[in-house]
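Observations on the three-dimensional arrangement
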Amino acid sequence: MSPNLQHIDLSFNRLENVGSFVFLELKTLKTLLLSHNQIKVLDGNSFRVNQYDVYNFITVEVVDLEHNNLSTIPENVFLQLDVKTLKVDKFSLCCAVRGKQTNCTPPPDAFSSCKDLLSDTTLQVCIWILGFMALLGNLAVLILRLIHHRDGGVENVLISNLHIADFLMGVYLLIIASVDVHHRGTFGFYTDQWSESPLCYFAGILSFISSEISVFLLVLITADRVIAVVFPFQFEKISLRQVAIILPVAWAIVVTTALIPLWNEGIFSKFYGNNGVCLPFTLGKGSNTYGLVFLTFNLVAFILIAIGYSAIYRVIIQSRKRCQQFGINKNTAREMVFVRKMVLVIVSDFLCWVPIILMKYLSVGNVVTFPQQLAAWTAVFVLPLNSSINPFLYTIAAFRTRQVAKIAKKKRKAYTAEAINVAVSNVELAKVARDGVNYNPNGLSEADSNETTTSADHKEGIFVIASTL
């Protein structure tokens, strides 16, 4: 080749390899186009321009290696080229030559960098916290419900299944956190190996199952409460027999839909391995129709949950107003606790799903381009938030309310017993006043009583104490 060549275009030539020292002495090279070939391997000396002086390099504006079959690039392949723009098919190939190029396409996903699976330090900490909260919190409440709720009521069965689904999200988060630690500082070299691994697919499937089962169960729990509060006479409550049919069918459908993308990765566009955290619900511009279907289902589910709890709140307020109209002093503390809990449920569902759904639709429609950091925070921090706080919303708060109710019940029983004793004493004192018989509270005989207390002042004191009680 002429040493004065500045632009070389070898695209669409079915090249399978680039040998050593092919571009030797091309010290004026500016553009090298090798796209749309069948190159599988690059030699460590493929882009050497000086055979003897290793550190004598030249500046090249563009090196295009897109649409080839490269799986890796030797780390020192561009030792003598200061590449301004490098075009490859995968970001992991950019990581192989990091530090030598100012611009490399494609860019990294919203979560990862050449060094770490989670590029943000705060995310690295948060994923451990949320993972342990979801894992240990849901495991603890499952054990509590097993111990304290042996009756197996409908709501208990539904909420127990909800905690199982949220437990799976905890497993997913800890898998991602562990892989991030394992490949800390070198993740770029293992990006493809990780995103195509069975563990990444398994983690993505857990995330999908957890998300969709949780959403379905939240809708079912809302429906059960709406029937009980808003339509107590119009509809029959969901029975255990119906739940025993609905839940296995729901789990089977969700697990099946989670496994379908594995059947044909070409059709489903690498559904689980599309990003470093293996999330099926990506926030990029890619039109992933399968993911959009389920995001739409989640949006509809949220709307139904919001409508359901709004109807329950309306009935509670109306009931309180009627009680006030008829002069009934109704204790509303318990109702207010339920209302606060209801607001927390709606707000948590809103924060977990609506931002992700809106961001996805706006990205697909090219309406807004969101910063990558925002997408990462939304997917890794916001999405699993429900799984971490559901134990507190649906079980721990319920146990606290139950303990308060037990204490109040004991106080009512004690007060009732005391009131009965006072009433009995008053009846006996009334008999004394009517029959003129000396009242003896100590069970003594009349003679003994006369010996110990015979003054009228003492009798009067008894009546005063009794009336005070």
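Report follows, based on the coordinates.

The rules behind each value
- Residues numbered from 1 in each chain as written.
- Predicted model: local features only at pLDDT ≥ 70, side-chain atom pairs only at ≥ 80, totals over all residues.
- Heavy atoms only, no water.
- Helix = DSSP H or I, 4+ residues; strand = E, 2+ residues; numbered from the N terminus.
- Buried < 20%, exposed > 50% of the residue type's maximum accessible area, 1.4 Å probe, protein only.
- Contact = heavy atoms within 4.5 Å.
- Areas by Shrake-Rupley, 256 points an atom, 1.4 Å probe, with all protein chains shown as cover.
- Core = buried A, V, L, I, M, F, W, Y, C linked by side-chain atoms within 4.5 Å.
- Phe/Tyr/Trp six-rings, centres within 6.5 Å; stacked < 30°, edge-to-face > 60°.
- Expected span 1.5 Å × (residues − 1).
- Pairing = 2+ DSSP bridges.
- Axes fitted to C-alpha atoms, helices over the stretch in contact; angles between N-to-C directions.
- Parallel < 35°, antiparallel > 145°, perpendicular 65-115°, else oblique.
- Left-handed = near helix turned anticlockwise from the far one by under 90°.
- Disulfide = S-S within 2.5 Å.
- Salt bridge = Lys/Arg side-chain N within 4 Å of Asp/Glu carboxyl O.
- Polar contact = N/O pair within 3.5 Å; in protein donor to acceptor, adjacent residues only side chain to side chain.
- Nonpolar A, V, L, I, M, F, W, Y, C, P; charged D, E, K, R; others polar.

Thoughts on the overall build of the chain
What the chain contains, in helices and strands, is 13 helices and 7 strands. Counting over 469 residues, the chain shows a buried share of 42%. For the chain, the proportion of contacts with a sequence separation of at least 24, taken over those separated by at least 6, is 69%. Accessible surface for the chain amounts to roughly 25,200 Å². Of this, 62% is attributable to carbon and sulfur atoms.

What about the nonpolar core?
Phe-111, Tyr-172, Ile-176, Trp-194 and Val-277 are the most contacted members of the largest nonpolar core, which totals 67 residues. For this core, the secondary structure elements donating two or more residues are helix H2 (121-148), helix H3 (154-182), helix H5 (198-229), helix H6 (240-259), helix H8 (289-325), helix H9 (333-364) and helix H10 (372-382). When residues of this core are assigned to their parent elements, the largest contribution, 15 residues, is made by H5. Beyond its immediate sequence surroundings of up to four residues, Val-277 is in contact with Phe-111, Leu-117, Leu-118, Tyr-172, Ile-176 and Val-380. Core analysis: the second largest hydrophobic core is formed by 29 residues, Leu-29, Ile-73, Cys-95 and Cys-104 among them.

Remarks on the packing of aromatic side chains
Enumeration according to the criterion identifies 4 aromatic pairs in this entry. Geometrically, the ring pair formed by Phe-208 and Phe-294 is edge-to-face, given 4.9 Å between the ring centres and 80 degrees between the ring planes. Remark: Phe-294 occurs in helix H8 and Phe-208 occurs in helix H5; sequence separation between them is 86 residues. Here the two residues Phe-208 and Phe-294 agree in accessibility, since each one is buried. A ring pair is formed by Phe-231 and Phe-235, whose centres lie 5.5 Å apart and whose planes are at 85 degrees; its orientation type is edge-to-face. Residue classification places Phe-231 among the partly exposed residues on the basis of a relative accessible area of 32%.

As for unusual backbone geometry
Residue Pro-106 follows Thr-105 across a cis peptide bond; omega there is 5 degrees. A positive phi is found at Arg-14, a non-glycine position, where the angle reads about 60 degrees. Assignment of secondary structure puts Arg-14 in the loop between strand E1 (7-9) and strand E2 (17-18). Judged by its relative accessible area of 67%, Arg-14 is exposed.

Some details on H3
For H3, built from 29 residues, the straight-helix expectation of 42 Å at 1.5 Å per residue is met to within 8% by its first-to-last C-alpha distance of 43 Å. Counting buried positions along H3 yields 21 of 29 residues, so the element is predominantly enclosed.

A few points about the pairing of strand E5 (residues 58-64)
Sheet analysis places strand E3 (residues 31-33) next to E5, joined by 3 bridges and oriented parallel. For Leu-32, the partnering residue across the bridge sits in E5 and is Val-63. Looking at chain direction, E5 and strand E6 (residues 81-87) are connected through 6 bridges and run parallel. Directly across from Ile-58, in E6, lies its bridge partner Leu-81.

Considering the environment of Val-215
Looking at the secondary structure, you find Val-215 in helix H5. The contact partners of Val-215, leaving out residues within four places of it in the chain, are Phe-297, Asn-298, Ala-301 and Trp-353.

With respect to the packing of H2 against H3
Between two packed helices, what matters for the description is the angle formed by their axes and the separation of those axes. Two elements in contact, H2 and H3, have axes separated by 8 Å at closest approach and are oriented at 150 degrees. Between H2 and H3, the interaxial angle falls into the category roughly antiparallel. Remark: the crossing between H2 and H3 carries left-handed chirality.

Observations regarding the environment of Lys-40
Inspection of the secondary structure assignment puts Lys-40 in the loop between E3 and strand E4 (41-42). Leaving out residues up to four positions away in the same chain, Lys-40 has contacts with Glu-16, Asn-69, Leu-70 and Ser-71.

Quick word on the state of the cysteines
Applying the stated criterion across every chain yields a total of 2 disulfides. A disulfide bridge connects Cys-200 with Cys-278, and the sulfur atoms are separated by 1.9 Å. Handedness here is read from the sign of the S-S torsion; for Cys-200 and Cys-278, about -120 degrees, the answer is left-handed. Placement of the pair is Cys-200 in helix H5 and Cys-278 in the loop between helix H7 (265-268) and H8, with a sequence separation of 78 residues. Each member of the pair Cys-200 and Cys-278 is classed as buried.

Some words on the pattern of salt bridges
Scanning all chains against the criterion turns up 4 salt bridges. Salt-bridge contacts for Arg-225 lead to Glu-155; the nearest nitrogen and oxygen are separated by 3.0 Å. Residue Arg-225 is found in helix H5, and its partner Glu-155 is found in helix H3; the two are separated by 70 residues along the sequence. Residues participating in the shared-partner salt-bridge network are Asp-116, Asp-180 and Arg-184.

Considering the side chain of Asp-116
With respect to the helices and strands, Asp-116 occurs in the loop between strand E7 (101-105) and H2. At a separation of 3.0 Å, a polar atom in the side chain of Asp-116 contacts the main-chain amide nitrogen of Gly-185.

Observations concerning the packing of H3 against H6
Across the interface, H3 lies against H6 with an axial gap of 10 Å and an inter-helix angle of 15 degrees. Judged on the interaxial angle alone, H6 and H3 are roughly parallel. For H3 against H6, the interelement crossing comes out right-handed. Contacts between H3 and H6 involve Val-154, Val-157, Leu-158, Asn-161, Ile-164, Ala-165 and Leu-168 on the former and, on the latter, Leu-240, Val-243, Leu-247 and Trp-251. Split by residue class, the contact of H3 with H6 holds 10 nonpolar, 1 polar and no charged.

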